[in-house]
Amino acid sequence: MSSMMIRCPITGEPVSTAIEVEPTVFRKLPKVSARILCPACGQEHVWATSSAWLADEPNNGRRRTGTAG
Ligand SMILES: [Zn+2]
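Everything numeric here is computed off the predicted structure, so don't read it as measured data. (Residues numbered from 1 in each chain as written. Predicted model: local features only at pLDDT ≥ 70, side-chain atom pairs only at ≥ 80, totals over all residues. Heavy atoms only, no water.)

Colleague: Could you give me a rundown of the coordination of the zinc ion, with the residues and numbers involved?
Modeller: Tetrahedral coordination by four donors puts the ideal angle at the metal at 109.5 degrees, and octahedral coordination by six puts it at 90 or 180 degrees. Coordination of the zinc ion by the protein comes from Cys8 (SG), Cys38 (SG), Cys41 (SG) and His45 (NE2), over a distance range of 2.0 to 2.3 Å. Around the zinc ion sit four donor atoms, and with donor-metal-donor angles ranging over 97 to 115 degrees the site reads as tetrahedral. Sequence spacing of the donors to the zinc ion: C-x29-C-x2-C-x3-H. Here the residue Cys8 occupies a position in the loop between strand E1 (2-7) and strand E2 (14-21), and Cys41 occupies one in the loop between strand E3 (33-37) and strand E4 (44-48), the gap between them amounting to 33 residues. Using a relative accessible area of 2% as the deciding quantity, one classes Cys8 as buried. (Donors = N, O, S within 2.8 Å, 3.2 Å for Na, K, Ca; no water. Tetrahedral: all angles 85-135°; square planar, octahedral: opposite > 155°, others 65-115°. Helix = DSSP H or I, 4+ residues; strand = E, 2+ residues; numbered from the N terminus. Buried < 20%, exposed > 50% of the residue type's maximum accessible area, 1.4 Å probe, protein only.)

Next comes the structure, spelled out in structure tokens:
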């Protein structure tokens, strides 16, 4: 399982949604919106699965140093 990641619109930091899905499931997800209390900026964001990516597959976000793991 991989964590779904989003990008904080305030800081631009990758943020984990703490939601874990299988990659095969992730690709079949319909467009769903959810809320997250962002650990990067402390504000609440609405994000959509269409803008999320998997932590193991950073194809939508550039990897930076400081990633936990
Ligand atoms: Zn944020």
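Further notes follow.
Colleague: So what about the environment of Ala34? Which residues, and what values?
Modeller: Position of Ala34 among the secondary structure elements: in strand E3. Taking relative accessible area as the criterion, Ala34 reaches 24% and is therefore assigned partly exposed. Between the C-alpha atoms of Ala34 and Ala48, which are 14 residues apart in sequence, the distance is 6.3 Å. Setting aside its immediate chain neighbours within four residues, Ala34 contacts His45, Val46 and Trp47. (Contact = heavy atoms within 4.5 Å.)

Colleague: Give a detailed account of the pairing of E2, specifying residues and quantitative values.
Modeller: Both E1 and E2 contribute to a ladder of five bridges, which runs antiparallel. When the sheet's bridge partners are listed, Arg7 is paired in E2 with Pro14. Linkage of E1 to E2, two consecutive antiparallel strands, is achieved through a turn of six residues, within which Gly12 is found at a positive phi near 75 degrees. (Pairing = 2+ DSSP bridges.)

Colleague: Can you lay out the sheet that holds strand E5 (residues 53-54) for me, pointing to particular residues and giving the numbers?
Modeller: Where strands meet in a sheet, backbone hydrogen bonds hold them as pairs that are either parallel or antiparallel. Taking strand neighbours across the sheet as the criterion, the three strands line up as E2-E1-E5 in an open arrangement whose pairing is antiparallel. What marks the edges here is a single partner per strand, and that holds for E2 and E5. Of the pairings in the sheet, the one linking E1 to E5 comprises two bridges and is antiparallel in character. Pairing of Met4 across the sheet is with Leu54, part of E5.

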